[in-house]
Amino acid sequence: MIFKTVHIFTIPYFPYGNLSFANIEKNPTAVYLFIGNIIIPLAIYYSLIFKTSFVADKNIFRLKVLNVYFYIFLTLALFPLIIYYLLPNLLHYFYIVTHTLEYINTALYFMLASILISARFGAKEPPLNKLVVGLLILGITGLFYINPMLLPIKEIFAHVFNSLGLLFILLGLSELPDLESALRIKDKLAANLSLLLICFYVVFISLISASLKVIFPQYSGYIFIAALLFFQLLVYVFSTISWNKVVKVYVSAEHDQSLLRVYDSMRRVSNPHIIKNTIINEINKEYKPDKCFIVIYNPENNSFEYDNYYEHLPSKTLSKIDGLEKEKAKFEEIRKVFNSLEIKFSNVDEYIRSYSLDGAPIGKVLKDLNIKSMYSTEINYEGKLLGYLILQYNNEYKKLDTEDFSFLEKLAKQIGVIIKTK
């Protein structure tokens, strides 16, 4: 945003803001503006659709991945200079590809905005927030950059709108977790199919242009962006008609398979701790919580204790669990401040705000333990409370629905049977 703001005042001296094919061919440095422009939509796209949970024991691997990304980006940044000085014969083709990719940059903004608008409608929230407004402004601004000749607006207005869009993006970054948690499976389907369509456009236009030496007219990019949005609309229309039924059948089948595995374990194994471990494994596969554990209710002193069944498992069934005492201590912090362990929230900030817990012991503990989402399910047997099954998310926000709660209640019921009968 700082770069764009400075560019508004230095435009007479660095006039490389318009990424039309002719301007790129006259001034190769324009490609660096393109590289800068495409970072933001790609970063937001991967943050929403292809996020990666940050797990402590995988820090080294994560750093290696980030290093590889950095070196690839550095290579791409130097690529124009390498071609310009070492491979001048390929320069013309490189301009074609760069100009084509600029349409992709703009298409990504509109694509993301439409997906987030749909997700917010699905969550029964207003369609626009700061991040979505920023995406829309940057998408419109991108059309100015590609070919301002089609729009009677001077280049400096494009830079002003670009800075405004970036400002909205910065103000709306804090809303990313809520937006991500509001995404549905069909939103991700629309995103993946749209990305495939974008890739097809890049390859098709580049190959035709390079092989037949045909430069497509400027308005072809605008037609493509309109076609992309229409394609997304069709995906949503068809998915809305049939997707709910398909997902319901699929999820129900997956849950039934999990329950069958639990029942089979209860039939074959006599050790209750192994069966509990089977249930926890099924939950981990289905919901991928950062922590999933059982707490046992002691009616004699009306307290709850962390179930340390891991200590009683045969060595062949489970590798050594490190940090068990540390996890017990963390649960003890939660137990001390909560009057009841009937806890359910998808966003800790909303939970703290709704119950005015900011500054209170509960709010402090949740923040100190870096808990983003948390769900507890009662473990009962013949109407008596035996404990709770608890799912905890520390790296991302997780929103569960009524079907998820129903499934967890079924698993909790089996834990109750195990505690009382095994």
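Criteria and cut-off values
Residues numbered from 1 in each chain as written. Predicted model: local features only at pLDDT ≥ 70, side-chain atom pairs only at ≥ 80, totals over all residues. Heavy atoms only, no water. Salt bridge = Lys/Arg side-chain N within 4 Å of Asp/Glu carboxyl O. Helix = DSSP H or I, 4+ residues; strand = E, 2+ residues; numbered from the N terminus. Buried < 20%, exposed > 50% of the residue type's maximum accessible area, 1.4 Å probe, protein only. Arc of directions from axis to C-beta. Contact = heavy atoms within 4.5 Å. Axes fitted to C-alpha atoms, helices over the stretch in contact; angles between N-to-C directions. Parallel < 35°, antiparallel > 145°, perpendicular 65-115°, else oblique. Nonpolar A, V, L, I, M, F, W, Y, C, P; charged D, E, K, R; others polar. Left-handed = near helix turned anticlockwise from the far one by under 90°. Phe/Tyr/Trp six-rings, centres within 6.5 Å; stacked < 30°, edge-to-face > 60°. Expected span 1.5 Å × (residues − 1). Pairing = 2+ DSSP bridges.

A.B. asks: Sorry if this is basic, but what is going on with the pattern of salt bridges here?
C.D. replies: Here the idea is simple: oppositely charged side chains can pair when their charged atoms come close. All told, the structure shown has ten salt bridges when counted by the stated rule. Note that Asp 264 is salt-bridged to Arg 267, the shortest N-O span being 2.5 Å. With Asp 264 and Arg 267 both in helix α10 (residues 219–268) and three residues apart, the pair spans about one turn of that helix. According to the relative accessible area criterion, Asp 264 is partly exposed, its value standing at 27%. Given a relative accessible area of 65%, Arg 267 falls into the exposed group. Salt bridges sharing partners connect three or more residues here, namely Arg 261, Glu 282 and Lys 285.

A.B. asks: I keep staring at helix α14 (residues 361–368) and nothing clicks. Help me out?
C.D. replies: Each full turn of the α-helix corresponds to 3.6 residues, which orients residues three or four apart in the same direction. Looking only at α14, the buried set comprises Ile 362, Gly 363, Val 365 and Leu 366. Taken end-on, α14 shows its buried residues confined to a sector of 165 degrees, consistent with a single buried face. Along α14, the residues that are exposed and aim more than 90 degrees away from the buried face are Pro 361, Lys 364 and Asp 368. Where α14 is buried, its residues meet α12 (324–337), β3 (344–345) and α13 (348–354). Positioned one or two residues after α14, Asn 370 has a phi angle of 55 degrees, which is positive.

A.B. asks: Got a minute to help me understand the packing of helix α11 (residues 272–287) against helix α15 (residues 402–421) in this structure?
C.D. replies: The relative placement of two packed helices is expressed as an angle between their axes plus a distance between the axes. Where α11 contacts α15, the two axes come as close as 10 Å, and the packing angle between them is 170 degrees. Taken together, the axes of α11 and α15 are roughly antiparallel relative to one another. Contact with α11, carried on its side by Pro 272, Ile 275, Lys 276, Ile 279, Ile 283, Glu 286 and Tyr 287, involves Asp 404, Phe 407, Leu 408, Leu 411, Gln 414, Ile 415 and Ile 418 of α15 and no other residues of that element. Here the contact of α11 with α15 is built from residues that sort into ten nonpolar, one polar and three charged.

A.B. asks: It is not clear to me how the packing of α12 against α14 should be interpreted in this structure. Could you clarify?
C.D. replies: The contact between α12 and α14 brings their axes to 9 Å, and the two run at 160 degrees. One element, α12, and the other, α14, form an angle in the roughly antiparallel class. Judged by the sense of rotation from one axis to the other, the crossing of α12 with α14 is left-handed. Contacts between α12 and α14 pair Glu 333, Ile 334 and Val 337 from the former with Pro 361, Ile 362 and Val 365 from the latter. Here the residues of the contact of α12 with α14 are counted per class, giving five nonpolar, no polar and one charged.

A.B. asks: Explain the packing of aromatic side chains to me, please; I cannot follow it from the model alone.
C.D. replies: One pass over the structure, following the stated rule, counts nine aromatic pairs. Ring geometry for Phe 293 and Phe 331: centres 5.9 Å apart, planes at 70 degrees, overall edge-to-face. One end of the pair, Phe 293, is in strand β1 (residues 291–298); the other, Phe 331, is in helix α12, with 38 residues separating them in the sequence. Judged by its relative accessible area of 3%, Phe 331 falls in the buried class. Judged by centre distance (5.7 Å) and plane angle (55 degrees), the ring pair of Tyr 375 and Phe 405 falls under tilted.

A.B. asks: What am I meant to see in α12 here?
C.D. replies: Under the 1.5 Å per step criterion, the end-to-end length of α12 is 21 Å for 14 residues, consistent within 8% with the ideal 20 Å. The set of residues buried in α12 consists of Leu 324, Phe 331 and Ile 334. The buried residues of α12 occupy an angular sector of 80 degrees when the element is viewed end-on, so they sit on one face. Away from its buried face, by an angle of more than 90 degrees, α12 presents the exposed residues Glu 325, Lys 326 and Lys 336. Those residues of α12 that are buried are in contact with β1, β2 (303–306), α14, β4 (373–381) and β5 (384–393).

A.B. asks: Would you mind going over the sheet that holds β2 with me for this structure?
C.D. replies: What links the strands of a sheet is backbone hydrogen bonding, and the strands pair in either a parallel or an antiparallel sense. Taken in spatial order, the five strands of this open sheet run β2-β1-β5-β4-β3, and their pairing is antiparallel. What marks the edges here is a single partner per strand, and that holds for β2 and β3. Sheet analysis places β4 next to β5, joined by nine bridges and oriented antiparallel. When the bridges of β5 are listed, Ile 379 appears paired with Gly 387. The sheet strands contacting α15 are β1, β3, β4 and β5, and the helix crosses β4 at an angle near 45 degrees.

A.B. asks: Hey, could you run me through the environment of Asn 281 in this one?
C.D. replies: Assignment of secondary structure puts Asn 281 in helix α11. Given a relative accessible area of 38%, Asn 281 falls into the partly exposed group. Placed 19 residues apart in sequence, Asn 281 and Val 262 show a C-alpha to C-alpha distance of 9.9 Å.

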